[in-house]
Amino acid sequence: MKSIAVIGSGTMGNGIAHVFAQCGYQVALVDIQASQLEKAIASISKNMDRQVAKGTLSEGEKEKALNRIQTFTQLEEGVKSADLVVEAATENEKLKLEIFKQLDQFVPASAILATNTSSISITKIAAVTQRPSQVIGMHFMNPVPVMKLVEVIRGYSTSDEVTEIIMELSKNLGKVPVEVNDYPGFVANRILIPMINEAVYSLYEGVAGVEEIDTVMKLGMAHPMGPLQLADFIGLDVCLSILRVLQDGFGNPKYAPCPLLINMVEAGFKGVKTGQGFYKYTAGSKDLVVASRFSKK
């Protein structure tokens, strides 16, 4: 594999493009918004600057990597010569299904279609294509350039050959791939997101405050980040979306999202991306400040 197309240039998409380009692959980064693509390239450059400062990447390597990335606003143009497409669009089932219908028409017959979905069925996505054996989940963790794990999710029809190719490719990126089967939430989010939901319930029911809940999990369970801060980082809307996939997929009320989480998303408080969730985020500041709604002061 030499030519990689990444669909979506948000946080996950630009991180995936960053890693592939740094590892020597030609990357087509596709997004419908030119302004988003410009922002993505700036973000990749800034993240590579951090690597240069740490001595893990040279200035020359940075320039070569950036030169391997081309940007496109037209899907067909961006994917027409891809050996692998990694879709990293918004976690919305309807949108992803539409993208895969189009990809199936535009990419070479031999190409593998991967999705970075964090919870949506690979089998369902594959079913809208004429190549279900060549569709697979490739779930990177955020931030992509730093986190080592890639969940490699086999759909019902994903072939052994395609799975082996993606497992080996992930290793070539310096990642640690873990093969899992296609059930709601896979492994990472089937365990993580209910934990976050339980933390939100603990806040909602008045068991403890935001800082107290996060402190218990950081100091008591050695988590580097508390569950409420992590929810802000992931995006409260994404957490809610995954919970609904779990609830629908298993039909089990234990996955029902906390009413507080639903209200926060509906009110537009989605975490870091909107500047406020359980904490308040100010540009240029690294101080962790509890949102005024949850502050005891």
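As a convention, each chain's residues are numbered from 1 in the sequence order in which they are written. Per-residue local features of the predicted model are confined to residues with pLDDT of at least 70, and side-chain atom pairs are confined, for both listing and counting, to 80 or more; whole-chain, interface and lining totals are unaffected and use all residues. Values shown for side chains rest on all heavy atoms present in the structure; no hydrogens or waters enter the calculation.

**Some thoughts on the packing of helix 1 (residues 11-22) against helix 2 (residues 34-54)**
It is the contact of helix 1 with helix 2, at a shortest axis distance of 10 Å, that shows an interaxial angle of 55°. Overall, the two elements helix 1 and helix 2 adopt an arrangement that is oblique. Our pair here, helix 1 against helix 2, has a crossing hand that is right-handed. In this structure, helix 1 contributes N14, A17, H18 and Q22 to the contact, and helix 2 contributes A40, S43, I44, N47, M48 and Q51. Convention adopted: a line fitted to C-alpha atoms gives each axis, helices being fitted over their contacting stretch, and angles between N-to-C directions are expressed from 0 to 180 degrees. Where helices and strands are cited, they refer to DSSP runs of H or I of at least four residues and of E of at least two residues respectively, numbered from the N terminus. Throughout this description, any angle smaller than 35 degrees is read as roughly parallel, any larger than 145 degrees as roughly antiparallel, any in the 65 to 115 degree range as roughly perpendicular, and the remainder as oblique. By definition, any crossing whose near helix is turned counterclockwise from its far helix by less than a right angle is left-handed, and any crossing with a clockwise turn is right-handed. The contact rule is simple, with two residues in contact once any of their heavy atoms fall within 4.5 Å.

**Overview of the environment of V245**
Among the secondary structure elements, V245 is positioned in helix 11 (residues 236-250). For the pair V245 and E93, spaced 152 residues apart in sequence, the C-alpha to C-alpha distance is 9.6 Å. In contact with V245, other than residues within four places in its own chain, are S119, I120 and P184.

**Focus: the pairing of strand 8 (residues 176-181)**
Bridge analysis of strand 7 (residues 149-154) against strand 8 gives 6 bridges, and the strand direction is parallel. What sits directly across from I153, in strand 8, is V180. A pair of strands is labelled paired if DSSP reports no fewer than 2 bridges between them.

**Focus on the sheet that holds strand 8**
Strand order in the open sheet made by the 8 strands is 3-2-1-4-5-6-7-8, with mixed pairing throughout. Each end of this open sheet is capped by a strand with a single partner; those strands are strand 3 (69-72) and strand 8. The average undirected angle you get between the axes of adjacent strands in this sheet is 25°. As paired strands, strand 5 (residues 112-115) and strand 6 (residues 135-140) are joined by 3 bridges and run parallel to one another. Residue L113 lies in a different strand from strand 6, and its bridge partner there is V135. Its contacts with the sheet place helix 2 against strand 2 (26-30) and strand 3, and it is angled at close to 160° to strand 3.

**Let's talk about the domain arrangement of the chain**
The domain architecture assigned to the chain consists of domain 1 (3-181) and domain 2 (189-294). Look at where the C-alpha atoms of domain 1 and domain 2 centre, and you get two points 27 Å apart. Taken residue by residue, the interface counts 7 residues in domain 1 and 6 residues in domain 2. Two parts placed together each lose some accessible area; with a 1.4 Å probe, that loss summed over both constitutes the buried area. Both faces considered, domain 1 and domain 2 share a buried interface measuring about 500 Å² in area, 54% of it formed by carbon and sulfur atoms. Ranking the residues of domain 1 by area buried against domain 2 places E91, S118 and S119 at the top, with a combined share of 64%. In what follows, salt bridge is the name for a side-chain nitrogen of Lys or Arg lying within 4 Å of a carboxyl oxygen of Asp or Glu. Linking domain 1 to domain 2 there are 0 salt bridges. Note that the domain bounds reflect an automated or database-derived domain assignment.

**Quick notes on a positive patch on the surface**
Residues forming no salt bridge and having over 30% relative accessible area are the ones grouped into patches, like charges within 9 Å of each other and nonpolar side chains (Val, Leu, Ile, Met, Phe, Trp, Tyr) within 5 Å. To be clear on the numbers: accessible area is Shrake-Rupley with a 1.4 Å probe, and residue cover counts the displayed protein chains and nothing else. Asp and Glu count as negative and Lys and Arg as positive, but His and the ends of the chain are not part of the count. Lysine's charge is taken at NZ, arginine's at CZ, aspartate's at CG and glutamate's at CD. On the surface, a cluster of positive charge is contributed by K46, R50, K54 and K286. Along the polypeptide, R50 turns up in helix 2. We call a residue buried when its accessible area falls under 20% of the maximum for its residue type, exposed when it is over 50%, and partly exposed in between, using a 1.4 Å probe and counting protein chains only. With a relative accessible area of 43%, R50 lands in the partly exposed category.

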